[in-house]
Amino acid sequence: MGAMDLVEGIKEVAKQIKAYKDLPLYNKIVELSKQVQDLSDENLQLKQELALKAKTKFQAPYYFEEGSDVPLCPKCYDSSGGQTRSHLTHPSEDFFGGHGRNCRICKEFFKEGPRRTPFPQPPMRNYWE
């Protein structure tokens, strides 16, 4: 018996009770029906969250969605319990602090190593000439 069958059953009982004009019992049945609907909605949401988490794999130091090579921001993912799925810059790039990726939401920088290309050096001037 699914949640929708249960809600329909409760509605049918409510109609029968209303016919007998038992208002307190009818109000209890209506309240129970609302609670069942709320639980059903919450259950659906939890199933969707679980399915989404099942499609996410952790490969240190990042999370990856199934079938994607673009990492998710671990700070956003962890702090939201897996709800925020912010993609990091891809591919990784050279930044002032080193080579790595930035999150567009939390602005966190995840360093993967030193810069791959050095800063350009200004041309040497001969001050004696």
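Below, the structure is looked at part by part. (Residues numbered from 1 in each chain as written. Predicted model: local features only at pLDDT ≥ 70, side-chain atom pairs only at ≥ 80, totals over all residues. Heavy atoms only, no water.)

### Structural notes on the side chain of Ser33
Tracing the chain through its elements places Ser33 in helix H2 (residues 23-54). Relative accessible area serves as the criterion here: at 14%, Ser33 is assigned to the buried category. Those residues within four positions of Ser33 in sequence are excluded, and the remaining contacts are Val7 and Ile10. (Helix = DSSP H or I, 4+ residues; strand = E, 2+ residues; numbered from the N terminus. Buried < 20%, exposed > 50% of the residue type's maximum accessible area, 1.4 Å probe, protein only. Contact = heavy atoms within 4.5 Å.)

### Some words on the sheet that holds strand E6 (residues 109-113)
Strand order in the open sheet formed by 3 strands is E4-E5-E6, and the pairing between neighbours is antiparallel. Two strands in the sheet have a free side with no partner beyond their single neighbour: strand E4 (93-95) and E6. For this sheet, the mean inter-axis angle between neighbouring strands, taken without regard to orientation, is 55 degrees. In this structure, E4 lies alongside strand E5 (residues 98-102), joined through 3 bridges in antiparallel fashion. Bridged to Asp94 within E5 is His99. (Pairing = 2+ DSSP bridges. Axes fitted to C-alpha atoms, helices over the stretch in contact; angles between N-to-C directions.)

### Regarding the packing of aromatic side chains
Under the definition given, this model contains 5 aromatic pairs. Here Tyr63 and Tyr77 contribute two aromatic rings whose centre-to-centre distance is 4.1 Å and whose plane-to-plane angle is 35 degrees, an arrangement assigned as tilted. Residue Tyr63 is located in strand E2 (residues 62-65), and its partner Tyr77 is located in helix H3 (residues 74-79); the two are separated by 14 residues in the primary sequence. For the pair Phe95 and Phe109, a centre-to-centre distance of 5.4 Å together with 75 degrees between the ring planes defines the contact as edge-to-face. With a gap of 14 residues between them, Phe95 in strand E4 and Phe109 in strand E6 connect regions that are remote in the sequence. (Phe/Tyr/Trp six-rings, centres within 6.5 Å; stacked < 30°, edge-to-face > 60°.)

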